Amino acid sequence: MKVYSDAAEALQSVKSNQTIMVGGFGLVGAPLTLIDELTRKEIDGLTVISNNLGEKGKGLGILVNQKKIKKGIGSYFTSNRDVGDAYQKGELELELLPQGTLAESMRAGGAGLGGYYTKTGVGTDLAKGKEERVIDGITYVFEPAIKADVALIRAWKADTLGNLVYYKTAQNFNPLMATAADVVIAEVDEIVEAGELSPEEIVTPHLFVDGIIRAEKILTKDGVVSNEQK
């Protein structure tokens, strides 16, 4: 386990053309400190797996405007108009997945599965070109598992071993992403000594986490990204 001193050190393993998972639903539960450092890092050609690509001028939305993201895989891109504009200009490729399918595909990746069959999307444009199979008279579409080179996630607390605790709905996709990437970096509000977290509250065990960093940027109640710690 590595407790990084700053975001630049934590992101040394992030390179151009990698596939990166980034936690968050909107900006809630997003690793904003790590994303902010990505905006300063000399990289491009990224494939980003996230529920959405930030908001206009915030979070991953900055990377979209910097043209560092080649492709986005997620569920909810319309909250950021810049994403739609970049797609229409041919500057950004998008792969749309139903939200439950996105979550299950990451879970399958973390579980070592090749994929799974689901009824969601059958008969729609989302199923075009995908394998279909009839099981017990019901048509299913095959969805491949999703994995990534790096996952950047956000948690509430970590101990020095890397065990993670999440805060309410800020948990969202973060625990799934922690299981489905080769390298996992967690941004947290608080780091405590090993043994201070109750085993019952730990959601992500330390064996999934490669490094942690204390958050410098937070999301305030009015949706503003701030440097002020809780």
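Source: prediction; values computed, not measured. (Residues numbered from 1 in each chain as written. Predicted model: local features only at pLDDT ≥ 70, side-chain atom pairs only at ≥ 80, totals over all residues. Heavy atoms only, no water.)

A. Region of the structure containing the overall build of the protein. A tally of helices and strands in the protein yields 6 helices and 14 strands. Over its C-alpha atoms the protein spans a radius of gyration of 18 Å, differing by no more than 12% from the 17 Å that the globule rule assigns to 230 residues. Seen through its principal axes, the protein has C-alpha atoms that stretch 55 × 40 × 35 Å. Within the protein, the fraction of its 230 residues that count as buried is 47%. Once local pairs closer than 6 in sequence are excluded, the contacts in the protein between residues at least 24 apart make up 71%. Total accessible area on the protein is roughly 11100 Å²; 49% of this is exposed by carbon and sulfur atoms. The averaged location of the 32 negative side-chain charges in the protein is 4 Å from the averaged location of its 25 positive side-chain charges. (Helix = DSSP H or I, 4+ residues; strand = E, 2+ residues; numbered from the N terminus. Rg over C-alpha atoms; globule rule 2.2 N^0.38 Å. Buried < 20%, exposed > 50% of the residue type's maximum accessible area, 1.4 Å probe, protein only. Contact = heavy atoms within 4.5 Å. Areas by Shrake-Rupley, 256 points an atom, 1.4 Å probe, with all protein chains shown as cover. Lys, Arg positive; Asp, Glu negative; His and termini not counted. Charge placed at Lys NZ, Arg CZ, Asp CG, Glu CD.)

B. Region of the structure containing the pattern of salt bridges. Evaluated as defined, the whole model comprises 13 salt bridges. Two residues, Glu91 and Lys67, come together in a salt bridge whose shortest N-O distance is 3.9 Å. Taken together, the residues span a long stretch of sequence, with Glu91 in the loop between α4 (81-88) and β5 (93-96) and Lys67 in the loop between α3 (60-65) and β4 (69-74) at a distance of 24 residues. Assessed through its relative accessible area of 38%, Glu91 is described here as partly exposed. (Salt bridge = Lys/Arg side-chain N within 4 Å of Asp/Glu carboxyl O.)

C. Geometry of the nonpolar core. By size, the foremost hydrophobic cluster in this structure holds 29 residues, and its most contacted members are Leu34, Leu53 and Leu152. Secondary-structure elements contributing two or more residues to this core are α1 (7-10), β2 (19-22), α2 (32-38), β3 (46-49), α3, α4 and β9 (148-159). No other element matches α2, which puts 4 residues into this core. Not counting residues within four places of it along the chain, the set of residues in contact with Leu53 comprises Val48, Leu60, Gly61, Val64, Ile69, Gly72, Phe77, Asn80, Val83, Leu92 and Leu94. In this structure, Tyr166, Ala178, Ala186 and Val209 belong to the second largest nonpolar core, which totals 24 residues. (Core = buried A, V, L, I, M, F, W, Y, C linked by side-chain atoms within 4.5 Å.)

D. Geometry of the packing of aromatic side chains. In this structure the tally under the stated criterion is 2 aromatic pairs. Note on Tyr117 and Phe142: the rings are 5.3 Å apart at their centroids and 65 degrees apart in plane angle, and the pair reads as edge-to-face. Of this pair, Tyr117 sits in strand β6 (residues 115-118) while Phe142 sits in strand β8 (residues 138-144); the two residues are 25 residues apart in sequence, bridging distant segments of the chain. On the basis of an interplanar angle of 65 degrees and a centroid distance of 5.5 Å, the ring pair of Trp156 and Tyr167 is categorised as edge-to-face. You can see Trp156 sitting in strand β9 and its partner Tyr167 sitting in the loop between β10 (164-165) and α6 (174-179), a full 11 residues away along the chain. Of the residues examined, Trp156 reaches a relative accessible area of 29% and is grouped as partly exposed. The cationic tip of Lys157 hangs over the ring face of Trp156; the distance from NZ or CZ to the ring centre is 4.8 Å. (Phe/Tyr/Trp six-rings, centres within 6.5 Å; stacked < 30°, edge-to-face > 60°. Lys NZ or Arg CZ within 6 Å of the ring centre and 35° of its normal.)

E. The arrangement of the sheet that holds β8 in detail. Taken in spatial order, the 3 strands of this open sheet run β6-β8-β7, and their pairing is antiparallel. Pairing within the sheet leaves two strands with one partner each, and these edge strands are β6 and β7 (132-135). Pairs of neighbouring strands in the sheet enclose a mean axial angle of 35 degrees, with direction left out of account. On the sheet, helix α5 (residues 99-110) packs against β6 and β8 and is oriented at approximately 150 degrees with respect to β6. (Pairing = 2+ DSSP bridges. Axes fitted to C-alpha atoms, helices over the stretch in contact; angles between N-to-C directions.)

F. Geometry of the environment of Lys130. As for its position among the elements, Lys130 is in the loop between β6 and β7. For Lys130 and Val141, which are 11 residues apart along the polypeptide, the C-alpha to C-alpha distance reads 6.5 Å. If we ignore the near neighbours within four places in the chain, the residues touching Lys130 are Leu97, Val141, Phe142 and Glu143. Of note is the side chain of Lys130, whose polar atom sits 3.4 Å from the backbone oxygen of Leu126. (Polar contact = N/O pair within 3.5 Å; in protein donor to acceptor, adjacent residues only side chain to side chain.)

G. Just the pairing of β5, in detail. Bridge count between β4 and β5: 4 bridges; the pairing is parallel. Each residue of the ladder has a partner; that of Lys71, found in β5, is Glu93.

Geometric descriptors of this kind do not, in isolation, establish any biological role.
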